[in-house]
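One letter stands for each residue in the lines below.
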Amino acid sequence: MSETVIACEPGLRFRATHADSGTVLVMDGPKELGGSGESFSPSDLLSLSLGGCILGTMAVAARSMDIDIERPTAAVCKEMGGTPRRITHLSVVIRVPGKFDERQRRKLEAAAHACPVHSALGIDAPIGFDWVG
């Protein structure tokens, strides 16, 4: 089990310290809620986690197929709204340069959909995927 302690500071700033390494991550609330907006917000980090997890899961799948995926990217778009305020939609555009046969592409796409963060979200917000080769 891994634990990270997050401290709330004045001005809607949050400081998270990684227990094992001591690495510090600073988050800021969005400007529209009175934060400085100088860094990623907590909901931005959820989007980043989703994108990073998708890419990592795809990289593991590619390695298991003995194929090289060079510099894939995931662009995650987050929409906020509702009352109470929440993430109402996430969309992900995945770009994987290179040529893949149909079987390889299906396995990479299946890996993207099987990322643990995507599975764990369980939120009432659709997560759309677009594959751009």
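Refer to the structure above for everything that follows.
What comes next concerns the included structure. Every value quoted in this text rests on a predicted model; they were computed, and no experiment measured them.

1. Description of the environment of Ala16
Its location among the elements puts Ala16 in strand S2 (residues 13–18). Residue class for Ala16 comes out buried when judged on its relative accessible area of 8%. In the structure, Ala16 is positioned 11 residues away from Met27 in sequence and 8.0 Å away in space, judged by C-alpha atoms. With sequence-adjacent residues up to four places away left out, Ala16 is seen in contact with Thr4, Val5, Ile6, Thr23, Val24, Leu25 and Met27.

2. Thoughts on the pairing of strand S4 (residues 73–81)
Two strands pair when backbone bridges link them, and S4 and strand S5 (residues 86–95) are joined in this way by 9 bridges, in the antiparallel orientation. By the bridge assignment for S5, Glu79 is matched with His89. Taken together, S4 and the strand that follows it, S5, pair antiparallel across an intervening segment of 4 residues, in which Gly82 is found at a positive phi of about 80°.

3. Description of the nonpolar core
Formed by 20 residues in total, the largest nonpolar core has its most connected members in Leu50, Ile54, Met58, Ile94 and Leu108. If you list the elements that add at least two residues to this core, you get helix H1 (42–64), S5 and helix H2 (102–113). Broken down by element, this core gets its largest block of residues, 6 residues, from H1.

4. Some words on the environment of Ala110
Locating Ala110 in the fold gives a position in helix H2. On the basis of relative accessibility, which here comes to 46%, the residue Ala110 falls in the partly exposed class. The sequence separation of Ala110 and Thr83 amounts to 27 residues, and the corresponding C-alpha distance is 33 Å.

Criteria and thresholds
Residues numbered from 1 in each chain as written. Predicted model: local features only at pLDDT ≥ 70, side-chain atom pairs only at ≥ 80, totals over all residues. Heavy atoms only, no water. Helix = DSSP H or I, 4+ residues; strand = E, 2+ residues; numbered from the N terminus. Buried < 20%, exposed > 50% of the residue type's maximum accessible area, 1.4 Å probe, protein only. Contact = heavy atoms within 4.5 Å. Pairing = 2+ DSSP bridges. Core = buried A, V, L, I, M, F, W, Y, C linked by side-chain atoms within 4.5 Å.

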